[in-house]
Amino acid sequence: MTIPVDKRYEFVLLFDVENGNPNGDPDAGNMPRLDAETNLGLVTDVCLKRKVRNYVSLVKTDEASKKPLPGHDIYVQEGAVLNNQHKLAYEKLGLVVPATVQDKKAKDDAEGKARAKAKELRGFMCQNFYDIRTFGAVMMTEVNCGQVRGPVQMGFARSIDPIVPQEVSITRMAVTNERDVDKERTMGRKHIVPYGLYRAEGYVSAPLAEQTGFSQDDLELFWQSLENMFEHDRSASRGKMATRKLIVFQHSTKLGNVHAHQLFDNVLVRRLDSTRPARAFSDYVVELKRDAIPATVTLTERM
């Protein structure tokens, strides 16, 4: 690991979707998520973090052993049993998991030793799991490893303009069950957004990075993840998705030089022609009010 991040950052991420569903809502038949009052499209922070995790797992896995490179295991992944992840920390520190002890005195003793090693347990989890070091985690389960506040936080992405989800009927020539073999075809439906440009905003805290060990190398990997995460997340349901712009604000100090919202207000996205529906990124223009950004903040357009 390198030296932890010692400057505050904010960032604006612009990404788009064409003929796809960027984030289905299971409570609404998997329709694209919507703000019910404005019809603006939504993509949750959890959805974006999942794509970052997947990208890190892809690029930080040893090709020969198929195991994560040191410090780049992923805590929240498909099929993972979180308690088993926690047990790795207990085993490393030579601790007994209190939940596995039947005798009350021995259990109390195990709990006392675990509390005394709480900082080391959290440290092990941060050191070994990239997503804990980055996003934090609540690990207060039966195998208690405490709670970690992550330095990187993101809000929901919101579309620049209202979206109009469409339901498209599809057919399949094959059938699932033998009893349906006489049917000509089976029917299905897909929900798509013809086009939507989404904006997400995020934050990187230097004081929290110091606590988790989130380093400059980790930060660079995070930027690369945001730039490339859609390139390795293709599916028929998601259509064509792409990161269009990543704008990063770097402060000159650990605590920052100006409020985050003041920086975000200097990134403007507007339609070139509001008389017709947007169908491509070229239908928009991104304006940066560079003159309004203090000299103590560095603006970088990574894409």
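Everything here concerns the structure above.
The text that follows walks through the structure, step by step, so that each part is easy to find.

The rules we used
- Residues numbered from 1 in each chain as written.
- Predicted model: local features only at pLDDT ≥ 70, side-chain atom pairs only at ≥ 80, totals over all residues.
- Heavy atoms only, no water.
- Helix = DSSP H or I, 4+ residues; strand = E, 2+ residues; numbered from the N terminus.
- Buried < 20%, exposed > 50% of the residue type's maximum accessible area, 1.4 Å probe, protein only.
- Contact = heavy atoms within 4.5 Å.
- Axes fitted to C-alpha atoms, helices over the stretch in contact; angles between N-to-C directions.
- Parallel < 35°, antiparallel > 145°, perpendicular 65-115°, else oblique.
- Nonpolar A, V, L, I, M, F, W, Y, C, P; charged D, E, K, R; others polar.
- Expected span 1.5 Å × (residues − 1).
- Polar contact = N/O pair within 3.5 Å; in protein donor to acceptor, adjacent residues only side chain to side chain.
- Salt bridge = Lys/Arg side-chain N within 4 Å of Asp/Glu carboxyl O.
- Pairing = 2+ DSSP bridges.
- Phe/Tyr/Trp six-rings, centres within 6.5 Å; stacked < 30°, edge-to-face > 60°.

**Some words on the side chain of Glu227**
For step 1, the next point in the chain: When you line up the elements, Glu227 lands in helix H7 (residues 216–228).
For step 2, the next point in the chain: Accessibility expressed as a relative area gives 16% for Glu227, which makes it buried.
For step 3, the next point in the chain: Excluding residues within four positions of it along the chain, Glu227 makes contact with Thr243, Leu246, Arg302 and Met303.

**Some details on the packing of helix H1 (residues 45–59) against H7**
For step 1, the next point in the chain: At a closest axis distance of 9 Å, the pairing of H1 and H7 adopts a crossing angle of 110 degrees. When the axis of H1 is compared with that of H7, the two are roughly perpendicular. Packed against H1, whose contacting residues are Val52, Tyr55, Val56 and Val59, the element H7 presents Leu221, Phe222, Gln224, Ser225, Leu226 and Asn228 at the interface.
For step 2, the next point in the chain: In terms of residue class, the contact of H1 with H7 is made up of seven nonpolar, three polar and no charged.

**Observations concerning H7**
Because each turn of an α-helix spans 3.6 residues, side chains separated by three or four positions end up pointing in the same direction.
For step 1, the next point in the chain: For H7, spanning 13 residues, the distance from its first C-alpha to its last is 18 Å, which sits close to the expected 18 Å at 1.5 Å a residue.
For step 2, the next point in the chain: Residues of H7 that are buried: Asp218, Leu219, Leu221, Phe222, Trp223, Ser225, Leu226 and Glu227.
For step 3, the next point in the chain: Its buried side turned inward, H7 meets strand S1 (9–20), H1, helix H5 (130–135), strand S7 (152–154), strand S10 (186–204) and strand S11 (240–251).
For step 4, the next point in the chain: Capping of H7 at its N-terminal end is provided by Ser215; its side-chain oxygen lies 3.3 Å from the backbone amide nitrogen of Asp217.

**A look at the pattern of salt bridges**
For step 1, the next point in the chain: The full count for this structure, using the stated rule, is 26 salt bridges.
For step 2, the next point in the chain: In this structure, Asp109 engages Lys113 in a salt bridge whose closest nitrogen and oxygen atoms are separated by 3.6 Å. With Asp109 and Lys113 both in helix H3 (residues 104–116) and four residues apart, the pair spans about one turn of that helix.
For step 3, the next point in the chain: Residue classification places Lys113 among the partly exposed residues on the basis of a relative accessible area of 48%.
For step 4, the next point in the chain: One salt bridge in this structure joins Glu201 and Arg199, with 3.0 Å as the shortest N-O distance.
For step 5, the next point in the chain: A relative accessible area of 25% means that Glu201 is categorised as partly exposed.
For step 6, the next point in the chain: For Arg199, a relative accessible area of 16% corresponds to the buried category.
For step 7, the next point in the chain: In this structure, a network of salt bridges that share partners links the residues Lys51, Asp233 and Arg238.

**Notes on unusual backbone geometry**
For step 1, the next point in the chain: Phi is positive for Asn19, which is not a glycine, with a value near 50 degrees.
For step 2, the next point in the chain: Structurally, the position occupied by Asn19 is in strand S1.
For step 3, the next point in the chain: Accessibility expressed as a relative area gives 42% for Asn19, which makes it partly exposed.
For step 4, the next point in the chain: Of note, the phi angle at Lys66 is positive, near 65 degrees, even though the residue is not glycine.

**As for the pairing of S10**
For step 1, the next point in the chain: Pairing between S1 and S10: eleven bridges, direction antiparallel. When the sheet's bridge partners are listed, Leu13 is paired in S10 with Ala200.
For step 2, the next point in the chain: Note: S7 against S10, three bridges, orientation antiparallel. Each bridged residue has a counterpart across the sheet, and for Gln153 the counterpart in S10 is Tyr203.
For step 3, the next point in the chain: Bridge analysis of strand S8 (residues 157–162) against S10 gives two bridges, and the strand direction is antiparallel. Bridging across to S10, Ser159 finds its partner in Tyr198.
For step 4, the next point in the chain: Of the strand pairs in this sheet, strand S9 (residues 166–172) and S10 are connected by seven bridges, and their pairing is antiparallel. Its bridge partner lying in S10, Thr171 is registered against Met187.

**Notes on the packing of aromatic side chains**
For step 1, the next point in the chain: Under the definition given, this model contains nine aromatic pairs.
For step 2, the next point in the chain: Measuring from ring centre to ring centre gives 5.6 Å for Phe11 and Phe222, while their planes differ by 70 degrees; the resulting arrangement is edge-to-face. With Phe11 in strand S1 and Phe222 in helix H7, this residue pair connects regions lying 211 residues apart in the sequence.
For step 3, the next point in the chain: Among the residues examined, Phe11 registers a relative accessible area of 0% and is labelled buried.
For step 4, the next point in the chain: Where Phe15 meets Tyr198, the ring centres are 5.5 Å apart and the plane angle is 5 degrees; that geometry is what we call stacked. With Phe15 in strand S1 and Tyr198 in strand S10, this residue pair connects regions lying 183 residues apart in the sequence. Residue Phe15 shares its accessibility class with Tyr198, and that shared class is buried.

Interpretation in functional terms is not warranted from these geometric data alone.
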